[in-house]
Amino acid sequence: MDKDVIISYIPHFKEALFLTLKIGWLGILLSLIIGLVGASLLHFKVKFLQKIVGIYIEIFRNTPLLIQLFFIYFALPKVGIQITAEKCGVLGLGLLGGAYMIETFRSGLEAVTTIQTESALSLGFSKAKTFRYIILPQALSMSIPGLVANIIFLLKETSVFSTISLMDLMFTAKDLIGMYAKTTENLFLLVVFYLIMLIPVSIIGAIVERKVRYAGFGD
Amino acid sequence: MNELLDVKYLHKEFDNNVVLKDINLSVKKGEVVVIIGPSGCGKSTFLRCLNGLEEIQSGVIRVDGLEVNPKNKDIVKLRQKIGMVFQSYELFPHLSVIDNLIIAPMKVQKRKREEVTKEALKLLDRVDLLDKKDMYPRQLSGGQKQRVAIVRALLVHPEIILFDEVTAALDPEMVYEVLETMQELARQGSTMIIVTHEMNFAKAVADKIIFFDKGEIVEETDDVEGFFASPKTERAAKFLDRFQFTTRL
Amino acid sequence: MQALGIDVLFKGTNLFRLLQGLWVSIEISLISVVISIVLGLIVGILMTIDRPFLRIILKIYLEVVRIMPQMVLLFIVYFGTTRVFGWDLSAEFSAIFVFSFWGTAEMGDLVRGAIKTIPKIQFESSLALGFNTVQTFVVIIIPQTIRRLIPLAINLITRMIKTTSLVMMIGNVEVLKVAQQIIEANRNTSPNAAFGVFAFVFFLYFIICWPISRLSIYLEKRWA
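The shown structure was predicted, so the numbers you read here are calculated from the model rather than taken from an experiment. (Residues numbered from 1 in each chain as written. Chains lettered and ligands numbered in written order. Predicted model: local features only at pLDDT ≥ 70, side-chain atom pairs only at ≥ 80, totals over all residues. Heavy atoms only, no water.)

A count of helical and extended segments in chain A gives eight helices and zero strands. Reported as C-alpha extents along the three principal axes, the dimensions of chain A are approximately 70 × 50 × 20 Å. For chain A, buried positions account for 53% of its 219 residues. Partitioning the contacts of chain A with sequence separation of at least 6, the portion at a separation of at least 24 is 80%. Summed over all atoms, the accessible surface of chain A reaches about 9,900 Å², with 68% contributed by carbon and sulfur. (Helix = DSSP H or I, 4+ residues; strand = E, 2+ residues; numbered from the N terminus. Buried < 20%, exposed > 50% of the residue type's maximum accessible area, 1.4 Å probe, protein only. Contact = heavy atoms within 4.5 Å. Areas by Shrake-Rupley, 256 points an atom, 1.4 Å probe, with all protein chains shown as cover.)

Written out as structure tokens, the structure reads:
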């Protein structure tokens, strides 16, 4: 491995890291929104919409992100829907992640007992306020381990962005290998930059998870 | 008319099984009504109907002249007039004791934090739990949790409080502290409907005894001492007999 | 139909080629799953054994798999080994290697989790009966975890199939690659082929993965 080559490539990878993080986290944000809305629709058993959410989950959980991105990026323009590669990345990751986040939030909501709802109702809370002040906070804290796992999964999935010509880490490595054939150095940097991206999330996740799992409220 | 609660021809079924049939009951302000009866006789379901947690098939429940109906929009307002304490306490695990107490008055009734907190601390002190105000429910014993739950119900300023077997899940040595709190409330003139298996407590606190069996009121009397000494119906006599037998064991 | 480019699917051998490409994906997944289950059982058992050194090694292995995208692993194995060791691995072998490496860790963790739910007294009473450690696992412990593990293993198959879509990135001719070739070849005659063909591939993945994941959920509920 050539040290000088590595140093000269770092700026490229840094730029790619920022792009990957930007699109990755925007996608995760979108997936969290979809997850919360979807899980709420399922929780309140909203007719019709509940069915749609179910179908959405099945479709996006049972197909690879790669083909979802291909479909959005290459196929949809043929029927007149055209979006940029960056938006496609955010949308694709958000839709895929949303399907997983709904499941995670839903199991959190299911873990809150019905009698908790009843006790809130008996204090005069409306259904909406019961959800907002009593059910949701408990469900969210129970969802945390699942959320952390989903976030790591989604950040890893960003590696397929390169297929729609987004200049993420993977794209940069491939591109540089193609141009200068410095395979070892590029693969080394690729691994290092993924570690930079994922290790902090993994560590923070592990800490939060342990707190939630072993302590519960009040320790 | 000083009837706070008025139930007429209440009829309730689950999947064609009649759980409550033609219940009539009226409760005056300040009255303490104790409901007893064998397990599964419908007494808990009855309490849940009073609070609009169950839909009823026919009949009318009125509190303060207003009809209790889970489908009505004003059920939220009505429930503030009817407090309820559950067997399993149901404190909110994500909130500290003090937050458990003030959340409903603040978020539901839009009262000021300082004012509610002041009242909450006063009541907590009354049940000897002032030092626990910043703890979380999981750090409390069952008896302590139940006393907090009672205070929580009181802070909404209900006109009537329902107690659903509130000591049934407690260790024997904690039953007393909860019953004592309830007796104190009764002495202060609170209107209460209590479902319980604690017969001595029932005898001490009740203004009116109602004996439930198989979904109907079998015996209803204001003569509490008389009921326990010699009930008028055979079913109540049998129940009390069996009950005394098992407690003697 | 032509406007949506669906007609392309029925031209010449296109449909057949797509299905052939799909078979490549399925083949890679099935081989990888079988390897993952076998090795995963062993790794899972090893993870429950109280040997500090072994535990650290396995922990590192698990973390690598947890953090590194499969695509990066694929690149390292396919391109990196050629460079560093001069090996010329085929795309298919690289894919099976990487997916098994990943799947073994996933399966191992599931096995570890399942073993953890078996009460300690089961191990002790088995040892007390004179079974040795290996016999204890094979005869007593693993059979108790099977019902828990089968749905999870089935679920791993769908995840494996979804992941195989990545192998086109190292030049393997599987369903997505074939799709691209077909779209490219019909660029002039049906400019909208991308819609029809990608929609079809989307559908293919769904129709394979969906029943398998339903089966996994069904078994999980039934055996819970």
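Our next topic: the packing of aromatic side chains. One pass over the structure, following the stated rule, counts 21 aromatic pairs over all chains. By the ring-pair criterion, three or more aromatic residues cluster together here, those being A:Phe70, A:Tyr73, A:Phe74 and C:Phe198. It is B:Arg152 that lies over the ring of B:Phe92; its NZ or CZ is 4.4 Å from the centre. (Phe/Tyr/Trp six-rings, centres within 6.5 Å; stacked < 30°, edge-to-face > 60°. Lys NZ or Arg CZ within 6 Å of the ring centre and 35° of its normal.)

A separate point is helix H6 (residues 172-187) of chain B. Residue and element names in this part refer to chain B. Its 16 residues give H6 an end-to-end C-alpha distance of 23 Å, which sits within 8% of 22 Å, the value for a rise of 1.5 Å per residue. Those residues of H6 not exposed but buried are Met174, Val175, Val178, Leu179, Thr181, Met182, Leu185 and Ala186. Buried residues along H6 cover an arc of 155° about the axis, so they all sit on one side. Exposed positions of H6 whose direction lies more than 90 degrees from the buried face are Glu173, Tyr176 and Arg187. Those residues of H6 that are buried are in contact with strand S3 (32-36), helix H5 (142-155), strand S7 (160-164), strand S8 (191-195) and helix H7 (199-205). Looking one or two residues beyond H6, the residue adopting positive phi is Gly189, at roughly 95°. (Expected span 1.5 Å × (residues − 1). Arc of directions from axis to C-beta.)

On the chain A side, the residues contacting the 37 residues of chain C number 36 residues. Across the interface of chain C and chain A, roughly 3,300 Å² is buried in total on both sides, 76% from carbon and sulfur atoms. For the interface between chain C and chain A, the tally reads one salt bridge. Between C:Arg214 and A:Glu58 there is a salt bridge, with the nearest N and O atoms lying 2.5 Å from each other. Within the residue set of the side of chain C that touches chain A, elements represented by two or more residues are helix H2 (52-67), helix H3 (70-85), helix H7 (175-185) and helix H8 (193-223) of chain C. Among the elements that make up the side of chain C that touches chain A, the one with the highest residue count is H8(C) (12 residues). Residues that form the side of chain C that touches chain A fall into these classes: 26 nonpolar, six polar and five charged. (Buried area = accessible area lost by both parts, 1.4 Å probe. Salt bridge = Lys/Arg side-chain N within 4 Å of Asp/Glu carboxyl O. Nonpolar A, V, L, I, M, F, W, Y, C, P; charged D, E, K, R; others polar.)

Moving on, we get to the sheet that holds strand S5 (residues 66-67) of chain B. Residues and elements named next belong to chain B. The strand order across the open sheet formed by four strands is S2-S1-S4-S5, and the pairing between neighbours is antiparallel. Of all the strands in the sheet, just strand S2 (17-28) and S5 have a single pairing partner and so form its edges. Relative to strand S4 (residues 58-63), strand S1 (residues 3-14) runs antiparallel, the two sharing five bridges. The residue of S4 that forms the bridge with Val7 is Ile61. In this fold helix H1 (residues 43-50) packs onto S1, S2 and S4, with an angle of close to 120° to the strand it touches most, S1. (Pairing = 2+ DSSP bridges. Axes fitted to C-alpha atoms, helices over the stretch in contact; angles between N-to-C directions.)

Here B:His94 is to be found in the loop between strand S6 (82-85) and helix H3 (97-107). In terms of polar contacts, B:His94 uses its side chain to reach the backbone carbonyl oxygen of A:Tyr133, at 3.0 Å. (Polar contact = N/O pair within 3.5 Å; in protein donor to acceptor, adjacent residues only side chain to side chain.)

Looking now at a negative patch on the surface. There is a patch of like negative charges on the surface, built from B:Asp207, B:Asp222, B:Asp223 and B:Glu225. Note that B:Glu225 resides in helix H8 (residues 224-229). (Patch = residues over 30% accessible without salt bridge, like charges linked within 9 Å, V, L, I, M, F, W, Y side chains within 5 Å. Lys, Arg positive; Asp, Glu negative; His and termini not counted. Charge placed at Lys NZ, Arg CZ, Asp CG, Glu CD.)

Moving on, we get to a positive patch on the surface. Side chains of B:Lys21, B:Lys214, B:Lys238 and B:Arg242 sit close together on the surface and give a patch of like positive charge. Residue placement: B:Lys214 occurs in the loop between strand S9 (208-213) and strand S10 (216-221).

Taken as a whole, the second largest pocket encloses approximately 1,000 Å³ of empty space. Lining of the second largest pocket is provided by 32 residues; of these, A:Phe44, A:Thr114, A:Thr117, A:Leu121 and A:Lys127 occupy positions nearest its centre. Those elements giving two or more residues to the lining of the second largest pocket turn out to be helix H1 (3-43), helix H4 (85-111), helix H5 (114-122) and helix H6 (127-157) of chain A together with helix H2 (75-79) of chain B. For the lining of the second largest pocket, the residue count by class is 13 nonpolar, nine polar and 10 charged. (1 Å grid on protein atoms, 1.4 Å probe; cavity = no way out; pocket = protein on both sides within 12 Å on 5 of 7 lines; lining within 4 Å. Points joined across faces, edges and corners; volume = space filled by probe spheres on them.)

What follows covers the UniProt feature "transmembrane region" (unreviewed entry) in chain A. All names here are of chain A. Cross-referencing UniProt, the feature "transmembrane region" (unreviewed entry) maps to residues 23-44, 65-85, 131-153 and 187-208 in the present numbering. Secondary structure across residues 65-85 comprises 57% helix and 0% strand; the distance between its end C-alpha atoms is 14 Å. Between the first and last C-alpha atoms of residues 131-153 the distance is 28 Å; the span itself is 100% helix and 0% strand. (UniProt positions renumbered as here; feature names shortened; annotations may be inferred.)

This part covers the sheet that holds S8(B). All names here are of chain B. Across the sheet, which stays open at both edges, the six strands sit in the order S6-S7-S8-S3-S9-S10 with mixed pairing between neighbours. For this open sheet the edge positions go to S6 and S10, each flanked by a neighbour on one side alone. Neighbour-to-neighbour, the strand axes of this sheet turn through a mean angle of 20°, independent of strand direction. Across four bridges, S3 lies against S8 in parallel orientation. Bridged to Val34 within S8 is Ile194. Running at roughly 170° to S6, H5 makes contact with S6 and S7 of the sheet.

Opposite charge on two side chains permits pairing when their charged atoms draw close. A full pass over the atoms with the stated rule returns 26 salt bridges over all chains. B:Lys81 is the partner of B:Asp64 in a salt bridge, and the nearest nitrogen-oxygen pair spans 3.4 Å. Of this pair, B:Asp64 sits in the loop between S4 and S5 while B:Lys81 sits in the loop between H2 and S6, and the two are 17 residues apart along the sequence. Taking relative accessible area as the criterion, B:Lys81 reaches 21% and is therefore assigned partly exposed. Here the salt bridges do not stand alone but share partners, grouping A:Glu118, B:Lys12, B:Arg48 and B:Glu54 into one network.

Quick look at the interface of chain B and chain A now. Contacts between the two partners involve 27 residues from chain B and, on the opposite side, 21 residues from chain A. Interface of chain B and chain A: buried area, both sides summed, is about 2,100 Å²; carbon and sulfur atoms make up 62% of it. The largest contributions to the chain B side of the interface with chain A come from B:Phe92, B:His94 and B:Arg138, which together make up 26% of the buried area. At the junction of chain B and chain A, the tally comes to one salt bridge. The interface formed by chain B and chain A contains six residue pairs in polar contact (both at pLDDT 80 or more). Looking at the side of chain B that touches chain A, the elements with two or more residues in it are H2, S6, H3 and H5 of chain B. Of the residues in the side of chain B that touches chain A, the class split is 14 nonpolar, six polar and seven charged.

Residue and element names in this part refer to chain C. Take Thr158: it is sitting in helix H6 (residues 133-163). Judged by relative accessible area, which is 2%, Thr158 ranks as buried. If sequence neighbours within four positions are ignored, Thr158 has contacts with Cys209, Ile212 and Ser213.

Residues and elements named next belong to chain A. One can describe the packing of H1 onto H4 by two numbers: an axis separation of 5 Å at closest approach and a directional angle of 40°. Our classification of the angle between H1 and H4 gives oblique. The element H1 and its partner H4 pack so that their crossing is right-handed. (Parallel < 35°, antiparallel > 145°, perpendicular 65-115°, else oblique. Left-handed = near helix turned anticlockwise from the far one by under 90°.)

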